[in-house]
Amino acid sequence: MEVKDGNLQSEITVEVLCDKETLFKLLNNKGYFFKERLHITDFYYTRLDLSKCIEFKDLSRNSFLVRDVKLERKYFSNDGVATLLYKHKAFDKNNNVISEQKLSCNIDVDASRRIFDAAGLSNWCVKKMTGYVFKKEGKNGQEAKEEILVQEVHGLGIFIEIEQFDESAGTRDEVLDGLVDLINELGVPCGNDFHINIAYRLYLQRTNRVPVKFFPGLSIK
């Protein structure tokens, strides 16, 4: 079983404040075309005690997920690919994720979940979403590297996720600012938080809890 080390990347995730059809038209008008549809189910596990609300930073650092992905294209679809995934995140002083590196390997979903349940790990979130991948049209009709993922999250809403492009240059802050500028240039109605963690929001919604706030220099008990 091979463990794959992903590249260190920065990304933004923001909530969309319009319906899916309007969003797709805005993307099309800006030169993005629909490439493929993804059906993804993520099962998040942790060893932490969930009897009290846990700060996102601590929960994310002590969690991994089982991901089941099915891909649909115009002339192609697959039966699903399952991976065990850990995301090593870097945070700024305000607890915003500024970059992450993914470690993954292929697994069997049902067998892995049975093992983790038997070991007493807590499945703190099940995230189900349909993803729509949009690519930028390049010169002479060629496909450019710019890619946008629209996430239609079951029970929550619609979000846009953009990972830094291969040609992105500059510091982490500069890369993130560039991604935010791209969202603004698209003219998509969206929220003000570009560092949303969807799984954590689902966790707070399911448990009727409020997020633990982070204040530099203050120890949270």
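Everything in this summary refers to the structure shown in the same document. Just so it is clear, the structure is predicted and the values come from calculations on it, not from any experiment.

Each helix and strand counted, the chain has five helices and 10 strands in total. Relative to its full complement of 221 residues, the chain shows a buried share of 42%. Sequence-distant contacts, at least 24 apart, represent 66% of the contacts inside the chain between residues at least 6 apart.

Turning to the pairing of strand β2 (residues 11–15), a few remarks are in order. With four of its five residues buried, β2 lies for the most part within the structure. Here β2 runs beside strand β10 (residues 157–163); their pairing, made up of five bridges, is antiparallel. The residue of β10 that forms the bridge with Val 14 is Ile 160.

Following the sequence through the fold, Gly 138 ends up in the loop between β8 (122–137) and β9 (143–153). On the basis of relative accessibility, which here comes to 27%, the residue Gly 138 falls in the partly exposed class. Between the C-alpha atom of Gly 138 and that of Gly 31, which follows or precedes it by 107 residues, the distance is 8.7 Å.

Both strand β4 (residues 63–73) and strand β6 (residues 81–91) contribute to a ladder of five bridges, which runs antiparallel. Among the inter-strand pairings, Val 69 is bridged to a residue of β6, identified as Val 81. The turn linking β6 back onto strand β7 (residues 97–106) is made up of five residues, and Asn 95 within it adopts a positive phi angle of 70°.

What follows is about unusual backbone geometry. Notably, Asn 95 is not glycine yet its phi reads approximately 70°, a positive angle. Among the structural elements, Asn 95 can be located in the loop between β6 and β7. Owing to a relative accessible area of 11%, Asn 95 belongs among the buried residues under this scheme.

Take helix α4 (residues 172–186) next. In this model, α4 (15 residues) spans 22 Å end to end at C-alpha, consistent with the 21 Å of a helix rising 1.5 Å per residue. Of the positions making up α4, those classed as buried are Val 175, Leu 176, Leu 179, Val 180, Leu 182, Ile 183 and Leu 186. The buried side chains of α4 occupy one side of the element, clustering within an arc of 150° when seen end-on. The exposed residues of α4 that point more than 90 degrees off its buried face are Asp 173 and Glu 185. In the stretch just after α4, Gly 187 is the one whose phi turns positive, near 75°.

Together, Asp 173, Glu 174, Asp 177, Asp 181 and Glu 185 make up a region of like negative charge exposed at the surface. Tracing the backbone shows Asp 181 in helix α4.

Within the largest apolar cluster, 29 residues are counted, with the highest numbers of intra-cluster contacts made by Leu 38, Leu 59, Trp 124, Val 153, Ile 198 and Tyr 203. Those elements that place two or more of their residues in this core are β3 (32–46), α2 (56–61), β4, β6, β8, β9 and α5 (198–207). Element by element, the count of residues in this core is highest for α5, at six residues. Among residues more than four places away in sequence, those in contact with Val 153 are Lys 127, Lys 128, Met 129, Phe 159, Ile 198 and Leu 202. One finds Ile 12, Ile 148, Val 180 and Ile 183 within the second-largest nonpolar core, a separate group that totals 26 residues.

Among the structural elements, Lys 57 can be located in helix α2. When neighbours within four sequence positions are excluded, Lys 57 is seen to be in contact with Phe 91 and Asn 95.

Analysis parameters
Residue indices follow the written sequence of each chain, beginning from 1 at its first position. Per-residue local features are limited, in this predicted model, to residues with pLDDT of at least 70; the limit for side-chain atom pairs, both in listing and counting, is 80 or more; totals at the level of whole chains, interfaces and linings are taken over all residues. Just so you know, side-chain values use all the structure's heavy atoms and leave hydrogens and water out. The secondary structure listing takes helices from DSSP runs of H or I that are at least 4 residues long and strands from runs of E that are at least 2 residues long, numbered from the N terminus. The buried label applies to any residue whose accessible area, calculated with a 1.4 Å probe on protein chains only, is under 20% of its type's maximum; exposed applies above 50%, and partly exposed to all values in between. Here, residues are in contact when the closest pair of their heavy atoms is within 4.5 Å. Only strands that DSSP links by at least two bridges are regarded as paired with each other. Take the residue count of a helix, subtract one, and multiply by 1.5 Å to get its expected span. Working note: the arc is built from the helix axis to C-beta atom directions. Exposure above 30% relative accessible area and the absence of a salt bridge qualify a residue for a patch, where like charges join within 9 Å and nonpolar side chains (Val, Leu, Ile, Met, Phe, Trp, Tyr) within 5 Å. Note on areas: Shrake-Rupley, 1.4 Å probe, and residue coverage restricted to the protein chains presented here. For this analysis, a salt bridge means a side-chain nitrogen from Lys or Arg found within 4 Å of a carboxyl oxygen belonging to Asp or Glu. As used throughout, the charge tally considers Lys and Arg to be positive and Asp and Glu to be negative, leaving His and the chain termini uncounted. Working definition for charges: the position is that of NZ of Lys, CZ of Arg, CG of Asp or CD of Glu. The term nonpolar core refers to a set of buried residues drawn from Ala, Val, Leu, Ile, Met, Phe, Trp, Tyr and Cys, joined through side-chain atoms within 4.5 Å.

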